[in-house]
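Each chain, written out:
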Amino acid sequence: MLYTSTRDNSVRITAAQAIARGISEEGGLFVPCEIPRFSLDKIISMADMSYIDRAKTVLREFLTDFSEEELDYCVKGAYKADKFSSPAIAPTVHIDGGKNILELWHGPTCAFKDMALQLLPYLMTVSAGKTADGKTIVILVATSGDTGKAALEGFKDVDKTKILVFYPVDGVSPMQKLQMTTQEGENVAVCAINGNFDDAQSAVKSIFTNAEIKARLAEKNMAFSSANSINWGRLVPQIVYYFSAYCDMITMGNIGEGEEINVVVPTGNFGNILAAYYAKQMGLPLKKLVCASNSNNILTDFLNTGVYDKNRSFYTTSSPSMDILISSNLERLLYHMGGGDDKLVGNLMKALSESGRYEISSDLLAEIRKTFDAGFAAENEVDETIKYHFDNYGYLCDTHTAVALKVYDEYVKRTGDNIPTVIDSTASPYKFSKSVLTAVNGEIAGELDEFDMAQELNKVTNAPIPAPIASLKQKKIRFKNVCDKENMSEMVFSLLKL
């Protein structure tokens, strides 16, 4: 299996090279040159497997330069039982009718990013051993909340790596901020920026492709890589849990073997739903992929009109991991759906960079819409959805999951397509205690601190507080740095002590 770049399809590199580099020299994203296909019999055979074995079955098709021993080391290390609060790793919970919730937040940071970021450090270590010639890998991360903590926890004290995380100073929940600023580890550093996630992400991409900065790092035997979903090693583990959910639904008796299902994904950067697209291309019986947005509904508008326009109001919402106006992974979809046309992708990304806008052809839009649907939920609808599902089903969800549930309900109402559906649940409700408590009680939560808020939510709902969140109260804040987006490159050198 070889990989190419969305902006230069003459590139041919191995999986290990793609993972170690993170992003292509000209700024494109690495994608597989071909997508492996699974027969229905092979998919059905995974139903009796553990999550670890399901992961190895999928990943070995993409990581063909990893030996069986290396793959085993990576997957078993990532999905150890003591790292996840559910023995299923990513359990599927039937709620009602066609609703099945895929809980992706049972890992050490209580967010779906753990599903990939517990594995990525292992993949990175093996990849660097094959390609990096003894260099220290500097992981540079922009986060809208969950990626930062999950990456910090995954790479904490991993040999020959350093990890630097930048987050928008007012764009994450208090609990997300605490998780990052209290992070332990000798090779980690965290900094807030005056700006939003898109500012941080754009600056990180700029730093990645800056020849002068890369040369300065090379002098110290260092090289950049990424833990954001622009890195193929971050994205490929996410394909696994769609296969796993499908297998779970077979064993639960919710679907028959080979029966189609829909998938609804709350997404901002388009990585989580793109993983579902890859699963569908591999042969998993997925009918429609429904993209769920919050008030920053740029993806909904694009999937409905073919126009991507970030020149719009930016909203800070109760679902901050989706407060994004530049959805990086959409570039990969455009490459695949556009027939591997790197010139098309390059021109679209250039237009986005220069004018903040691009428009695709009606033919390409029609092709995308065969697979994708989209909707969004306003802030007041998020609260209503949390309360409705708790009151009627006793199911407590976070704000991002509520966005997906609302979009699912509207999709069924609009289309009548009520076949069994997997709805991604991307975070524990306790990462957003104030918002969830306000929704459940139907009134604004009082002036409690984050930990008292969690205790109150537990008292009202009886939903257990995850241990990683409860333990935060005892931890000391280590990182108080704040910088402007224009000064991020200088902050990188400062944090690396160069």
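All of these numbers come straight from a predicted model, not from anything done at the bench.

**Thoughts on the sheet that holds strand β8 (residues 188-194)**
Picture the strands of a sheet paired through backbone hydrogen bonds; they go either parallel or antiparallel.
Reasoning step 1: With respect to topology, five strands assemble into an open sheet ordered β9-β6-β7-β8-β16, the strand pairing being parallel. Looking along the sheet, the strands with just one partner apiece sit at the ends: β9 (222-226) and β16 (481-484). The sheet shows a mean angle of 30° between the axes of neighbouring strands, direction not considered.
Reasoning step 2: Relative to β16, β8 runs parallel, the two sharing four bridges. Paired with Asn194 across the two strands is Asp484, which belongs to β16.

**Section: the packing of helix α11 (residues 232-251) against helix α12 (residues 271-281)**
Reasoning step 1: Contact geometry of α11 with α12 gives a least axis separation of 8 Å together with a crossing angle of 60°. Between α11 and α12, the angle falls in the class oblique. The handedness of the crossing between α11 and α12 comes out as right-handed. Residue-level contacts link Trp232, Leu235, Gln238, Ile239, Tyr241, Tyr242 and Phe243 of α11 to Gly271, Asn272, Ile273, Leu274, Ala275, Ala276, Tyr278 and Ala279 of α12.
Reasoning step 2: When the residues that make up the contact of α11 with α12 are grouped by side-chain class, the tally is twelve nonpolar, three polar and no charged.

**Quick notes on the nonpolar core**
Reasoning step 1: Core analysis: the largest hydrophobic core is formed by 141 residues, its most contacted members being Phe166 and Ile239.
Reasoning step 2: Among the elements that take part in this core, α11 stands out by supplying 13 residues, more than any other.
Reasoning step 3: Setting aside chain neighbours within four positions, we find Phe166 in contact with Leu140, Val141, Ala142, Thr143, Cys191, Ile193, Ala200, Cys483, Met488, Met491, Val492 and Leu495.
Reasoning step 4: Listed in part, the 38 residues of the second largest apolar core include Cys110, Ala292, Val403 and Val440.

**Focus: the pairing of strand β10 (residues 261-266)**
Reasoning step 1: Most of β10 is tucked away, with six of its six residues classed as buried.
Reasoning step 2: The alternating pattern of β10 places Ile261, Val263 and Val265 and Asn262, Val264 and Pro266 on opposite faces, both of which are buried.
Reasoning step 3: Pairing geometry for β10 and strand β11 (residues 286-293), over five bridges, is parallel. Following the sheet pairing, Pro266 is matched in β11 by Ala292.
Reasoning step 4: Following the chain from β10 across α12 to the adjacent parallel β11, one finds a crossover that is right-handed.

**Focus: the side chain of Thr109**
Reasoning step 1: Its place among the elements puts Thr109 in the loop between β5 (99-103) and α5 (114-117).
Reasoning step 2: Its relative accessible area of 0% is what places Thr109 among the buried residues.
Reasoning step 3: Once residues lying within four places of it in the same chain are set aside, the contact partners of Thr109 are Asp114, Lys149, Ala150, Glu153, Gln179 and Lys431.

**Some words on the layout of surface pockets**
Reasoning step 1: Considered as a void within the structure, the largest pocket measures approximately 500 Å³ in volume.
Reasoning step 2: Lining the largest pocket are 24 residues; nearest its centre among them are Arg7, Ser202, Lys205, Met349 and Ser353.
Reasoning step 3: Of all the elements in the fold, those that place two or more residues in the lining of the largest pocket are α9 (197-208), α14 (330-337) and α15 (342-355).
Reasoning step 4: A breakdown of the residues in the lining of the largest pocket according to their chemical character gives seven nonpolar, eleven polar and six charged.
Reasoning step 5: Approximately 430 Å³ is the volume attributed to the second largest pocket.

**Regarding the packing of helix α4 (residues 68-78) against helix α6 (residues 120-131)**
Reasoning step 1: One way to put it is that α4 packs onto α6 with a least axis distance of 9 Å and a crossing angle of 150°. When the interaxial angle is binned, α4 and α6 end up roughly antiparallel. Here Glu70, Tyr73, Cys74, Gly77 and Ala78 of α4 come into contact with α6, specifically with Tyr122, Leu123, Val126 and Lys130.
Reasoning step 2: For the contact of α4 with α6, the residue count by class is six nonpolar, one polar and two charged.

The rules behind each value
The residue count restarts for each chain, going from 1 along the sequence in the order it is written. Reporting in this predicted model follows two pLDDT cut-offs: at least 70 for local features of residues, and 80 or more for side-chain atom pairs to be given and counted; totals over whole chains, interfaces and linings ignore these cut-offs and use all residues. Side-chain descriptors were evaluated using all non-hydrogen atoms of the structure, hydrogens and water having been removed beforehand. Each pair of strands is called paired provided DSSP finds at least two bridges between the two strands. By definition, any uninterrupted DSSP run of H or I lasting at least four residues is a helix, any uninterrupted run of E lasting at least two residues is a strand, and each is numbered from the N terminus. For every element, the axis is a line fit to its C-alpha atoms; helices are fit only across the contacting stretch, and the angle between N-to-C directions ranges from 0 to 180 degrees. With respect to orientation, any angle under 35 degrees is reported as roughly parallel, any angle over 145 as roughly antiparallel, any angle of 65 to 115 as roughly perpendicular, and every other angle as oblique. Handedness of a crossing follows from how the near helix is turned relative to the far one, being left-handed for an anticlockwise turn of less than a right angle and right-handed for a clockwise one. Here, two residues are considered to be in contact whenever any of their heavy atoms come within 4.5 Å of each other. The classification used treats Ala, Val, Leu, Ile, Met, Phe, Trp, Tyr, Cys and Pro as nonpolar, Asp, Glu, Lys and Arg as charged, and all other residues, Gly among them, as polar. Put simply, a nonpolar core is a bunch of buried Ala, Val, Leu, Ile, Met, Phe, Trp, Tyr and Cys residues held in one set by side-chain atoms that sit within 4.5 Å of each other. The cut-offs for exposure are 20% and 50% of the maximum accessible area for each residue type, with area from a 1.4 Å probe on protein chains only; residues under the lower value are buried, those over the upper are exposed, and the others partly exposed. Orient the strands so they point away from the viewer, and a crossover whose first-strand-to-second-strand path over the helix runs clockwise is right-handed. Both cavities and pockets are sets of points on a 1 Å grid over the protein atoms alone; in a cavity a 1.4 Å probe fits but cannot get out, in a pocket the set is open with protein on both sides within 12 Å along at least five of seven lines, and lining residues sit with an atom within 4 Å of a point. Grid points are joined across faces, edges and corners, and a volume is the space filled by probe spheres set on the points.

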